[in-house]
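So the chains spell out like this:
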Amino acid sequence: MDPDLLWDAETARRYDTPGTGMFAPEVLGPTVDRLVALADGGRALELAIGTGRVAVPLAERGVPVVGIELSPHMVEQLRTKVDDTTIPVVLGDMATATAPGEFSLVYLVFNTIANLLTQDAQVACFRNAARHLVPGGCFVIELWVPELRKLPPGVQATVWLNEPGYIGLDTYDVLHQRVVSHHFRFDEGRRATLGRTPHRYIWPSELDLMAQLAGLELESRHADWSGSEFTEDSRSHVSVYRRV
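Residues numbered from 1 in each chain as written. Predicted model: local features only at pLDDT ≥ 70, side-chain atom pairs only at ≥ 80, totals over all residues. Heavy atoms only, no water.

**Q** Quick one: what's the story with the packing of aromatic side chains, residue by residue and with numbers?
**A** Per the counting criterion, the structure on display carries six aromatic pairs. A centroid spacing of 5.2 Å and a plane angle of 85 degrees characterise the contact between Phe-126 and Phe-139, whose relative ring orientation is edge-to-face. Of this pair, Phe-126 sits in helix 6 (residues 119–132) while Phe-139 sits in strand 5 (residues 133–144), placing them 13 residues apart in sequence. Looking at Phe-139, the relative accessible area reads 0%, which means it is buried. By the ring-pair criterion, three or more aromatic residues cluster together here, those being Phe-126, Phe-139 and Tyr-241. (Phe/Tyr/Trp six-rings, centres within 6.5 Å; stacked < 30°, edge-to-face > 60°. Helix = DSSP H or I, 4+ residues; strand = E, 2+ residues; numbered from the N terminus. Buried < 20%, exposed > 50% of the residue type's maximum accessible area, 1.4 Å probe, protein only.)

This is the structure:
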């Protein structure tokens, strides 16, 4: 799946859902609160900044934010909110692109590291984050936990969301540690649209090893941005790594 097709102009235009979903205040508020605290008065770098869902309110809280983003279409939407002086953005791959200066915080939210489809690329992303950090700075990742316990023998897919007008379905390739998310959106008639996004899923322990390879140490892991306990039943986690 070509990234230019996945994150094209149409996708960028309909990406934002103000006040709902991942843009809901109860989702976005704790995210920004935690990142403000972790930035600790320093600069922040967002990998895969997208349309600025997190970066814009973070900058409004007084944290200087710089972004790296692969899709120019997503950046175009960001520019409808803030200019390039307020939030500069480097166009490029989050595993390799370099932003000027050093940062006390690098963050990667909403499962986006899984958009890198090989282990090598994911390790490179950790190393890239570490290169941008000052000593003692932190790299924060928000990531879902693979739901393989829901897969009985012979079943290759799970439904992770079913609500009016939308069904979310994941198909798994456990041999290659890949998953494709299928997003079915439909109206009250017979019309439906399908969007698909590929990912490489990562276990928390594998993530920790990637961090070690990059010179980072796990500081904390919680089930959400509010600091809830991470347990065997948690569906996602927020992990904070420090540069040693």
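**Q** Can you explain the pairing of strand 6 (residues 157–163)? Please cite residues and give values.
**A** Bridge count between strand 6 and strand 7 (residues 166–173): six bridges; the pairing is antiparallel. Bridging from a neighbouring strand, Asn-162 pairs with Ile-167 of strand 7. Counting the residues between successive antiparallel strands, the hairpin from strand 6 to strand 7 contains two residues, one of them, Gly-165, with a positive phi of roughly 85 degrees. (Pairing = 2+ DSSP bridges.)

**Q** Account for the sheet that holds strand 3 (residues 89–91), naming residues and giving values.
**A** Ordered in space as 3-2-1-4-5-11-10, the seven strands form an open sheet in which the pairing is mixed. Both edges of this open sheet fall to strand 3 and strand 10 (216–222), since each of them pairs with a single strand only. Strand after strand, the sheet turns through a mean of 20 degrees between neighbouring axes, direction not considered. Here helix 6 sits on the sheet and contacts strand 1 (44–47), strand 4 (103–108), strand 5, strand 10 and strand 11 (236–243); the angle it forms with strand 5, its principal contact strand, is near 145 degrees. (Axes fitted to C-alpha atoms, helices over the stretch in contact; angles between N-to-C directions. Contact = heavy atoms within 4.5 Å.)

**Q** Give a detailed account of the pairing of strand 1, specifying residues and quantitative values.
**A** Burial along strand 1 is two-sided: the face carrying Ala-44 and Glu-46 and the face carrying Leu-45 and Leu-47 are both buried. Judged from the four bridges that link them, strand 1 and strand 2 (residues 65–69) form a sheet pairing that is parallel. Note on strand 2: the bridge partner recorded for Leu-45 is Val-66. Once you follow strand 1 into helix 4 (residues 55–60) and on to strand 2, the crossover reads as right-handed. Across three bridges, the pairing between strand 1 and strand 4 is parallel. Residue pairing in the sheet places Leu-45 in a bridge with Val-106 of strand 4. (Right-handed = clockwise from strand over helix to strand, strands pointing away.)

**Q** Residues and numbers for the state of the cysteines, please.
**A** Think of a disulfide as a covalent bridge from one cysteine sulfur atom to another cysteine sulfur atom. According to the stated counting rule, one finds zero disulfides in the structure shown. Between Cys-125, a cysteine without a disulfide, and Cys-138, which holds the nearest cysteine sulfur, the sulfur-to-sulfur distance is 15 Å. Overall, the relative accessible area of 0% leaves Cys-125 in the buried class. A residue is classified by how much of its surface remains accessible, and Cys-138, at 0% relative accessible area, is buried. (Disulfide = S-S within 2.5 Å.)

**Q** Kindly report on the sheet that holds strand 9 (residues 192–200), identifying the contributing residues and their values.
**A** Strand order across the open sheet formed by four strands is 6-7-8-9, with antiparallel pairing between neighbours. Every interior strand has two partners, whereas the edge strands, strand 6 and strand 9, have only one. Averaged over neighbouring strand pairs, the angle between their axes works out to 15 degrees when direction is ignored.

**Q** Account for the pattern of salt bridges, with residues named and values stated.
**A** Side chains that carry opposite charge are capable of pairing whenever their charged atoms lie near each other. This structure, assessed with the given rule, holds eight salt bridges. Between Asp-16 and Lys-81 there is a salt bridge, and its shortest N-O distance comes to 2.5 Å. With Asp-16 in the loop between helix 2 (9–13) and helix 3 (25–39) and Lys-81 in the loop between helix 5 (72–78) and strand 3, this residue pair connects regions lying 65 residues apart in the sequence. What makes Asp-16 partly exposed here is its relative accessible area of 24%. Among the ionic pairs, Arg-149 bridges to Asp-233, the shortest N-O distance being 3.4 Å. Of this pair, Arg-149 sits in the loop between strand 5 and strand 6 while Asp-233 sits in the loop between strand 10 and strand 11; the two residues are 84 residues apart in sequence, bridging distant segments of the chain. Just as Arg-149 is exposed, Asp-233 falls in that class too. One network of salt bridges, with partners in common, ties together Glu-147, Lys-150 and Arg-235. (Salt bridge = Lys/Arg side-chain N within 4 Å of Asp/Glu carboxyl O.)

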